[in-house]
Amino acid sequence: MTTNIDTEQLYKDNVLGNYGLPPVTFVRGRGLRLWDDAGKEYLDFCAGIAVASLGHCHPKLVTAIQEQAAELLCVSNLYRNENQAKLAAKLNEKAGGGGKVFFCNSGAEANEALIKLARLHGRKLSGQEGKRFKIVCAENAFHGRTFGGMSATPKAKIQEGFAPLVDGFEFAALNDLASFEAAIDDQTAAVFIETIQGEGGIFPATTEFLQGLRALCDEKGVLLMIDEVQCGAGRTGSFFAFEKAGIYPDVIGMAKGLGGGVPIGAVWIRDEYAELFGPGSHGTTFGGTPLICAAALAVLDTIEEEKLMENVQRNGAYVLQKLQDLQSEFPDYILEIRGSGYMIGIQIADSSFEMVTLLRENALIVPPAGPDVVRFLPPLTATQADFDEALDIFKTAIKARVALRQENATA
Ligand SMILES: *Cc1c(COP(=O)(O)O)cnc(C)c1O
């Protein structure tokens, strides 16, 4: 399908230039395939940044959206709707039960809600407003672009120009329990981490660390809040990535893959803290509409029906082995392989942006994660054959980059 709209010019003239965009416009998607406006086909290992968990236009998701759109789109949160009730029950079950769910529209909004919850928790503990309000986050974290999320994201590139930030965020080293322990004091209300750091370059929290952190938070009376916006919704082969550590946090932030492509955010809060948000204390117009919840319910049903988490476990192990083989072939180029399931980071001795560009030119779409990490975030439906195809393109690109460097070195 080609179009004769001059998208590039319309963007230049009308769309805010806050994204550094490559010269490509997608017009159609099916499964793991994308097509641009010139009719070129691509293999999509970005999936809308871990959003299109069922691939593009999965029939069950399309039907759920179409049917719900023809029935009821939204009624606000001044009234109940059935789909929100059903989705909340499903997510509560996934989170181990004994909690409540709040719906919003994005990862940053989910994190905003849990940052506000930490303040309420601190007020209750200290019996005073503004006394116990600090949140200990991890160095290298990413929690979104709102003021709260940005303040929890210790990166100059993200924070620069927006001072003053929100008060009370402290940072400790991921996987270093002593560092978290040292950062917690009598003003701390919560600890807030990603199970696997995504935008920071795919750095997983270890099982030991997660278990230690759970015990530490219990001991200190602070909330353990986990951002599963990118690593959750089945991406690592379990519904939540932290399940592998056999722990449950007090608060979970969700978004991205949960809606399969529609905007959704959700926060699960353990019952004893859920009551901190009384009527009127927080809210949003669009969160949990019948339409969006119908989409998320279709995503959850399809993950179960098509055994997608098993698919991720099986092929995740396969691609990891293949990448390790590739690393032995190019040990000076592939420096490290990190991650779990379908959330993989490949650290290269090269610019990730140059590599991502080259891969796109060769019809493979992947996102970078920082200056030297290439990410694989395919839909959960990706097969072994899809990985073989992606790895072939990746290997060809590596060879080209290595050859280019040798040329430059001898020139
Ligand atoms: C993407 C992301 C966010 C922000 O989500 P948005 O929907 O872009 O606001 C927050 N946390 C993590 C871990 C993310 O990957």
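Further up the page is the structure itself.
Residues numbered from 1 in each chain as written. Predicted model: local features only at pLDDT ≥ 70, side-chain atom pairs only at ≥ 80, totals over all residues. Heavy atoms only, no water.

(A) Structural view of the overall build of the chain. Tallying secondary structure elements over the chain gives 14 helices and 16 strands in all. For the chain, the C-alpha radius of gyration of 22 Å lies close to 22 Å, the compact-globule estimate for 411 residues. Across its three principal directions, the C-alpha atoms of the chain cover 70 × 55 × 45 Å. Counting across all 411 residues of the chain, residues that qualify as buried make up 53%. (Helix = DSSP H or I, 4+ residues; strand = E, 2+ residues; numbered from the N terminus. Rg over C-alpha atoms; globule rule 2.2 N^0.38 Å. Buried < 20%, exposed > 50% of the residue type's maximum accessible area, 1.4 Å probe, protein only.)

(B) Looking closely at the site of the ligand. With respect to spatial proximity, the complete set of residues near the ligand consists of S106, G107, A108, N111, F142, H143, G144, E194, D227, V229, Q230 and K256. One of the side-chain nitrogen or oxygen atoms of Q230 is found 2.8 Å away from an oxygen atom of the ligand. When the free accessible area of the ligand is taken as 380 Å², the share hidden by the protein chains comes to 81%. The element best represented in the shell around the ligand is helix α5 (residues 107–126), accounting for 3 residues. For the shell around the ligand, a count of residues per class yields 3 nonpolar, 6 polar and 3 charged. (Near = heavy atom within 4 Å. Polar contact = N/O pair within 3.5 Å; in protein donor to acceptor, adjacent residues only side chain to side chain. Areas by Shrake-Rupley, 256 points an atom, 1.4 Å probe, with all protein chains shown as cover. Nonpolar A, V, L, I, M, F, W, Y, C, P; charged D, E, K, R; others polar.)

(C) Inspection of the side chain of T153 at higher detail. With respect to the helices and strands, T153 occurs in the loop between α6 (147–151) and α7 (156–159). Take T153: its relative accessible area is 0%, and that puts it in the buried class. In terms of polar contacts, T153 uses its side chain to reach the backbone amide nitrogen of H143, at 2.9 Å. Among the polar contacts made by the side chain of T153, one reaches the main-chain carbonyl oxygen of G149 at a distance of 2.7 Å. When residues no more than four places from it in sequence are discounted, the contact partners of T153 are A141, F142, H143, G144, I158, Q159 and F171. (Contact = heavy atoms within 4.5 Å.)

(D) Just the sheet that holds strand β4 (residues 99–104), in detail. In space, the 7 strands of this open sheet follow the order β4-β12-β11-β10-β7-β5-β6, with mixed pairing throughout. With one partner strand each, in any of the chains shown, β4 and β6 (169–172) form the two edges of the open sheet. Each neighbouring strand pair of the sheet contributes to a mean axis angle of 20°, computed without reference to strand direction. Where strand β11 (residues 251–254) and strand β12 (residues 265–270) come together, 4 bridges link them in antiparallel fashion. Following the sheet pairing, V251 is matched in β12 by I269. (Pairing = 2+ DSSP bridges. Axes fitted to C-alpha atoms, helices over the stretch in contact; angles between N-to-C directions.)

(E) Spotlight on a nonpolar patch on the surface. On the surface, a cluster of nonpolar side chains totalling about 440 Å² of accessible area is made up of Y11, V15, Y19 and L21. Of note, V15 is situated in the loop between α1 (7–14) and β1 (26–30). By relative accessible area, V15 is classed as partly exposed at 40%. (Patch = residues over 30% accessible without salt bridge, like charges linked within 9 Å, V, L, I, M, F, W, Y side chains within 5 Å. Salt bridge = Lys/Arg side-chain N within 4 Å of Asp/Glu carboxyl O.)

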